[in-house]
Amino acid sequence: MKPIQMVDTKTQYLKIKEEVDKGIQEVLDSAMYIGGQKVNDFATALNNYHGSSYTITCGNGTDALQIALMALGLQPGDEVITPSFTYIATTEVVALLQLKPVFVEVDPKTFCINPDAIRKAITPKTKAIVPVHLYGHAAPMEEIMQIAEEHNLFVVEDNAQGIGCNYTFKNGTVKKTATIGHIGCTSFYPSKNLGAYGDGGAIFTNDAALAEKLKMIANHGQKVRYYHDLVGCNSRLDAIQAAVLQVKLKHLDTYIHARQNAANFYNKAFANHPKITTPYVASYCSHVYHQYTLILDGVNRDALHTYLAEKKIPSMIYYPVPAHRQKVFETFGAGEYHLEITDWLTERVISLPMHTELDEEQLNYITTEVSNFINQ
Ligand SMILES: *Cc1c(COP(=O)(O)O)cnc(C)c1O
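The structure presented is a predicted model; accordingly, all values stated were derived computationally and were not measured. (Residues numbered from 1 in each chain as written. Predicted model: local features only at pLDDT ≥ 70, side-chain atom pairs only at ≥ 80, totals over all residues. Heavy atoms only, no water.)

**A look at empty space enclosed by the protein**
- Under the counting rule described, the total for this entry stands at 1 cavity of 30 Å³ or more.
- In this structure, the largest cavity spans a volume of roughly 60 Å³.
- As for the largest cavity, its lining consists of V7, D8, T9, Q12, P190, S191, K192, N193, K248, R259, H355 and T356.
- Elements with a contribution of two residues or more to the lining of the largest cavity: helix 1 (9-30) and helix 8 (239-270).
- Within the lining of the largest cavity, the residues separate by chemical class into 2 nonpolar, 6 polar and 4 charged.
- Taken domain by domain, the lining of the largest cavity gets at least three of its residues from each of domain 1 (9-246) and domain 2 (251-375). (1 Å grid on protein atoms, 1.4 Å probe; cavity = no way out; pocket = protein on both sides within 12 Å on 5 of 7 lines; lining within 4 Å. Points joined across faces, edges and corners; volume = space filled by probe spheres on them. Helix = DSSP H or I, 4+ residues; strand = E, 2+ residues; numbered from the N terminus. Nonpolar A, V, L, I, M, F, W, Y, C, P; charged D, E, K, R; others polar. Domains from an automatic or database assignment.)

As structure tokens, this is what we get:
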């Protein structure tokens, strides 16, 4: 059996090596390392894939979120509602911009922000909501956009884990996540569903004025070189990453299918197990399985993690500490929050290996060992 990895980007690369190497060589030959044709071509292809109006590439997913919030013209102290159960980048950029992160509960089935919790957290200072499509499952965007409209709020989607996810509205319209809110953000960190071989990110919008502002902010606040109208930053996708991503984007839907197949294998193996809850998929979306995350009940989760490691099966806890328990947010009242569902999930989740290259032998071994531990 091939050694099992949490994410196997090497085997994936070997299958597209020729195409990727050719793309990288073209960049080296062109000597256009930053910007240029490769970056533009990739941005256009990504824009077409999403059916978005504007796509702005940038340095990474955290920058994408930061630039998105910078474009909204918020004032220090304005409140931004985010789930507590997320990766630090989502909430960190809010604090970095001197805005106030307000942490709310998630739905214990989807792991995504709970619309009722959003409603309860809204104050006169609330200006934006940042839903996260956690693990590759969409947050309930239709309801979130409804709330945003009622209260005149901006919505910035954190789609770092959700690229390729389809969202179906009640009227049958289907959109990609990241194109539903006012701004959508994604990451091309190597382990993400569309991963580069370095850092990268992108920002999506359907609003022409926001698009122009986002583009300027990502480029030192300038539209015309050396004429700076806004405070911006330096956040660029480099051409070598664009070359890699251009090739991988063509395979993205195949990659998503491979992840869904692996998830189906896991789901079948753990079906009806009294101590295991397999990932739920809401009727409004597809699941792109950035992570395959179980909820364990009546199982010593950390002992399972250790047992699996002994069997050479990697597993991860995403995330061991939610935002409302992070030291960094103490000045924002972290520690005073009572987010029981988030705490409950934090103690019970475990993510199993999930990537495009898992074979049946590996999946069989993983599911057998998980069951062996839990049934012992
Ligand atoms: C990965 C990730 C980010 C940040 O992306 P980087 O490219 O690593 O900066 C933001 N939010 C979520 C939910 C992520 O998983």
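**Points about the sheet that holds strand 2 (residues 79-83)**
- Read across the sheet, 7 strands follow the order 1-9-8-5-4-2-3 without closing on themselves; strand pairing throughout is mixed. Looking at the sheet topology across the chains shown, the edges are occupied by strand 1 (54-58) and strand 3 (100-104). When the angles between neighbouring strand axes are averaged without regard to direction, this sheet yields 25°.
- Note that strand 2 and strand 4 (residues 126-129) share 3 bridges and pair parallel. Its bridge partner being in strand 4, V80 is matched across the sheet by A128. (Pairing = 2+ DSSP bridges. Axes fitted to C-alpha atoms, helices over the stretch in contact; angles between N-to-C directions.)

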